[in-house]
Amino acid sequence: MPESLSFGIDPITAHAWNKDRTKLAISPNSPEVHIYHFQRGEWKLEEVLKEHDLKVTGIDWAPNTNRIVTCSADRNAYVWTQSEEKKWKPTLVLLRINRAATCVCWSPLENKFAVGSGARLISVCYFEKENDWWVSKHIKKPIRSTVTCLDWHPNDVLLAAGSTDFKVRVFSAYIKEIEERPVSTSWGSKMPLGLMMAEFSNSTNGAGGWVHSVNFSSSGDRIAWVGHDSSISVADASKGMAVSVIRTDFLPFLACLWVSENRLIAAGHGCCPMLFEVNETGKVHFAGKLDASLKKETSGVSAMKKFQSLDRQARTETNDTSLGTLHQNAITSVCLHTGNKANATKFSTAGVDGLLAIWDFNNLESAMRGLKFN
Amino acid sequence: MAKNTSSSAFRKIDVDQYNEDNYKEDDCGESQSPPVGPDEKEIINFINQGKNIEALKTVLRNAPISSRNQMVKDAALNVVMQVLLSMKSSQIEEAVNALDRDHLDILMKYIYRGFETPSEGSSGQLLAWHEKVHAVAGVGCIVRVLTDKKRV
């Protein structure tokens, strides 16, 4: 049974964990960010961060430097650092965008972060010591519509971006002021800032749907994305940018996450995390639903239930309005909890139903016979 | 504008075209489906010979999705409707099982287009088709009808 925490009735638009998973930052579909602390067996609200004017669209917590970055529809991003009194203090980041920010992601070494926006560009921000502020550089070409999702390559330079122009692109976000020249990877060798290393279309013939989430695998060779046409795709740079797509039977996914080099989780409007596997030839296939829970007793209409529903709803059929899955509404975000992208043992999902669930592969393994988790 | 002439023609101007941020469709030019559409005579032959499943496969294979010509699309729609409505209810399931995923997506697009212009008894038949295609291809198929920019 996955552990689930309810944060009220408001949808959770974004969530992020601190390094040892004792603190959680969530945004309940408002301009506020709530920090929860796990103390004495329960989650207590520790602080409310109120700096944004409009809805917070993205939160990311840098584990090693313990900084939180938040971005919002008010075209701003703030970097929050904890002072000695344990209070979080914001620092404004000049993104120089004229539209809402949609997503934010710390780089693996936490020296910079990237913000996607409706202004059709990505702001890569780094800290300039001389002036003691965060400065941004823009990646604009050839993005033609809102950037919806971002993820960093493990080399701290390459950045994948999914967009509402139906494309997924890999850019170089190399900032020469703060880092050394990167060594070449399977994506290419020359990486000046803003160079597009690869572009993938979310469909075979120009159609398809908006890209909702994009994720680099732990080696950085593979990239997975999910689109609104209910598809999930994997591209492999080490195999000549070969792409494998499945157009699934499910409702569209909103988030995806690699949990090993060959396995990934996708979750979204279907309210249930799904496991997908990539085989040796690079083809992706569906491996199973991870929500083996509890179908509410739909079998056997008990007399008690019948009278209850007659009393409350004036009807005799016991039409259960709750879903058979743990989440009762769409899952909006998926985060790694325990382990890393090469070998994850736990991951968390947060949804529109205000629920945050932590899924443990060790428990799920026993529930799903016939699937091998190594 | 409207005060002295009471004209509401200004409401029909597409102001987005003047916005420099406007997203323009990619003119890919890749036509993976034939721009002409299925051959009507060939299909009617199939139907008359009773080879309904063959007819269905042919119309779906030759569906003019990439075409910009609305008349071609309408003509194709008519042919597809003839095929769909000529099949007996008992044959629908067999026909659906004979199709692959891509063709099922195209078939679902035609089913929804068929709903738009109902004729006598057509909606009932289309609903039977819809049920069978949904049973095989799930909700993902219906989502793709809604998100796919290449309309049928």
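Reading guide: rules and limits
Residues numbered from 1 in each chain as written. Chains lettered and ligands numbered in written order. Predicted model: local features only at pLDDT ≥ 70, side-chain atom pairs only at ≥ 80, totals over all residues. Heavy atoms only, no water. Helix = DSSP H or I, 4+ residues; strand = E, 2+ residues; numbered from the N terminus. Rg over C-alpha atoms; globule rule 2.2 N^0.38 Å. Buried < 20%, exposed > 50% of the residue type's maximum accessible area, 1.4 Å probe, protein only. Areas by Shrake-Rupley, 256 points an atom, 1.4 Å probe, with all protein chains shown as cover. Lys, Arg positive; Asp, Glu negative; His and termini not counted. Charge placed at Lys NZ, Arg CZ, Asp CG, Glu CD. Axes fitted to C-alpha atoms, helices over the stretch in contact; angles between N-to-C directions. Parallel < 35°, antiparallel > 145°, perpendicular 65-115°, else oblique. Contact = heavy atoms within 4.5 Å. Nonpolar A, V, L, I, M, F, W, Y, C, P; charged D, E, K, R; others polar. Polar contact = N/O pair within 3.5 Å; in protein donor to acceptor, adjacent residues only side chain to side chain. UniProt positions renumbered as here; feature names shortened; annotations may be inferred. Pairing = 2+ DSSP bridges. Expected span 1.5 Å × (residues − 1). Phe/Tyr/Trp six-rings, centres within 6.5 Å; stacked < 30°, edge-to-face > 60°.

Asker: Quick question: what am I supposed to make of the overall build of chain B here?
Answerer: Along its length, chain B carries seven helices and zero strands. Taken from N to C terminus, the helices and strands of chain B fall in the order α-α-α-α-α-α-α. Taking 152 residues into account, the globule formula puts the C-alpha radius of gyration at 15 Å, and chain B, at 19 Å, lies well above it. Taken along the three principal axes of its C-alpha coordinates, chain B extends 65 × 35 × 35 Å. Here chain B holds 152 residues, and 39% of them are scored as buried. For chain B, the exposed surface amounts to about 9,200 Å²; the carbon and sulfur share of it is 50%. In chain B, which carries 19 positive and 22 negative side-chain charges, the distance between the mean positions of the two groups comes to 3 Å.

Asker: What am I meant to see in the packing of helix α4 (residues 70-86) of chain B against helix α7 (residues 122-147) of chain B here?
Answerer: For any two helices packed against each other, the geometry is given by the interaxial angle and the distance between the axes. All names here are of chain B. The interhelical angle for the contact between α4 and α7, taken along N-to-C directions, is 80 degrees, at an axis separation of 10 Å. When the axes of α4 and α7 are compared, the pair comes out roughly perpendicular. Each of Met 81, Leu 84 and Leu 85 in α4 lies in contact with α7, whose residues at this interface are Ser 122, Gln 125, Leu 126 and Trp 129. Among the residues forming the contact of α4 with α7, the class breakdown is five nonpolar, two polar and no charged.

Asker: Help me understand the environment of Asp 229 of chain A, please; the structure alone is not making it clear to me.
Answerer: Within the secondary structure, Asp 229 of chain A sits in the loop between β19 (222-227) and β20 (231-236). Measuring from C-alpha to C-alpha, the distance between Asp 229 of chain A and Ser 218 of chain A comes to 26 Å, with 11 residues separating the pair along the chain. Not counting chain neighbours up to four residues away, the residues in contact with Asp 229 of chain A comprise Asn 202, Gly 208, Gly 209 and Arg 247 of chain A together with Val 143, Arg 144 and Thr 147 of chain B. A distance of 3.4 Å separates a polar atom in the side chain of Asp 229 of chain A from a polar atom in the side chain of Asn 202 of chain A.

Asker: How should the UniProt feature "repeat: WD" (unreviewed entry) in chain A be read in this particular structure?
Answerer: UniProt annotation of "repeat: WD" (unreviewed entry) refers to residues 49-80 of chain A when read in the numbering used here. Regarding residues 49-80 of chain A, the helix share stands at 0% and the strand share at 59%, and the terminal C-alpha atoms are separated by 9 Å.

Asker: How should I be thinking about the pairing of strand β5 (residues 42-50) of chain A in this particular structure?
Answerer: Every other side chain in a regular strand lies on the same face of the sheet, so the side chains alternate between the two faces. Residue and element names in this part refer to chain A. Bridge analysis of strand β4 (residues 32-39) against β5 gives eight bridges, and the strand direction is antiparallel. Along β5, the bridge assignment pairs His 34 with Val 48. Between β4 and β5, which follow one another and run antiparallel, lie two residues, and Arg 40 among them has a positive phi close to 50 degrees.

Asker: What am I meant to see in the environment of Phe 46 of chain B here?
Answerer: Residues and elements named next belong to chain B. With respect to the helices and strands, the residue Phe 46 is situated in helix α2 (residues 40-49). Classification of Phe 46 as buried rests on a relative accessible area of 15%. Setting aside residues no more than four positions away along its own chain, Phe 46 makes contact with Lys 51, Asn 52, Glu 54, Ala 55 and Thr 58.

Asker: Even after reading the chapter, I still don't get α4 of chain B, so can you show me in this structure?
Answerer: Every α-helical turn comprises 3.6 residues, leaving residues that sit three or four positions apart pointing alike. All names here are of chain B. If you check α4, its first and last C-alpha atoms are 24 Å apart, about what 17 residues at 1.5 Å a residue would give, namely 24 Å. If you check which residues of α4 are buried, you get Val 72, Lys 73, Ala 76, Leu 77, Val 79, Val 80, Met 81, Val 83 and Leu 84. Contact partners of the buried residues in α4: α2, α3 (52-61), α6 (101-116) and α7. The opening residue of α4 is Asn 69, an N-cap whose side-chain oxygen sits 3.0 Å from the backbone nitrogen of Met 71.

Asker: Whenever I open this one, α6 of chain B confuses me. Can you help?
Answerer: Spanning 16 residues, α6 of chain B covers 23 Å between terminal C-alpha atoms, matching the ideal 22 Å at 1.5 Å per step. Among all positions in α6 of chain B, only His 103, Leu 104, Asp 105, Ile 106, Leu 107, Met 108, Lys 109, Tyr 110, Ile 111, Arg 113 and Gly 114 of chain B are buried. At its buried positions, α6 of chain B is contacted by β21 (242-247) of chain A together with α3, α4, α5 (89-97) and α7 of chain B.

Asker: Explanation requested: the packing of aromatic side chains in the structure shown.
Answerer: Here the distance between the centres and the angle between the planes together describe a pair of aromatic rings. Residue and element names in this part refer to chain A. All told, the structure shown has 19 aromatic pairs over all chains when counted by the stated rule. With centroids separated by 6.3 Å and ring planes inclined at 55 degrees, the aromatic side chains of Phe 250 and Phe 253 adopt a geometry described as tilted. The pair Phe 250 / Phe 253 is uniform in exposure class, with both members buried. Counting every residue linked through ring pairs, the aromatic cluster contains Trp 106, Phe 113, Phe 127 and Trp 134.

Asker: Explain the pairing of strand β25 (residues 284-289) of chain A here, please?
Answerer: Residue and element names in this part refer to chain A. As paired strands, strand β24 (residues 274-278) and β25 are joined by five bridges and run antiparallel to one another. Residue pairing in the sheet places Val 278 in a bridge with Val 284 of β25. Following β24, the chain reverses through five residues before pairing antiparallel with β25; Gly 282 in that reversal takes a positive phi of roughly 95 degrees.

Asker: Honestly, unusual backbone geometry in this entry has me stumped. Any pointers?
Answerer: Glycine aside, negative phi is the norm for most residues, and most peptide bonds take the trans geometry. Residue and element names in this part refer to chain A. At the junction of Lys 141 and Pro 142, the peptide bond is cis and its omega measures out at -10 degrees in the coordinates. Checked against the element boundaries, Pro 142 lands in the loop between β13 (133-139) and β14 (147-152). Positive phi, close to 60 degrees, is recorded for Asn 29, a residue that is not glycine. With respect to the helices and strands, the residue Asn 29 is situated in the loop between β3 (23-27) and β4. Accessibility expressed as a relative area gives 32% for Asn 29, which makes it partly exposed. Residue Arg 40 is not a glycine yet carries a positive backbone phi of 50 degrees. When its relative accessible area of 77% is taken as the criterion, Arg 40 is described as exposed.

Asker: In this structure, what is going on with the sheet that holds β25 of chain A? I would like to understand it.
Answerer: Adjacent strands of a sheet pair through backbone hydrogen bonds, lying either parallel or antiparallel. Residues and elements named next belong to chain A. Ordered in space as β22-β23-β24-β25, the four strands form an open sheet in which the pairing is antiparallel. For this open sheet the edge positions go to β22 (253-258) and β25, each flanked by a neighbour on one side alone. Geometrically, the sheet is characterised by an average inter-axis angle of 30 degrees between neighbouring strands, direction not taken into account.

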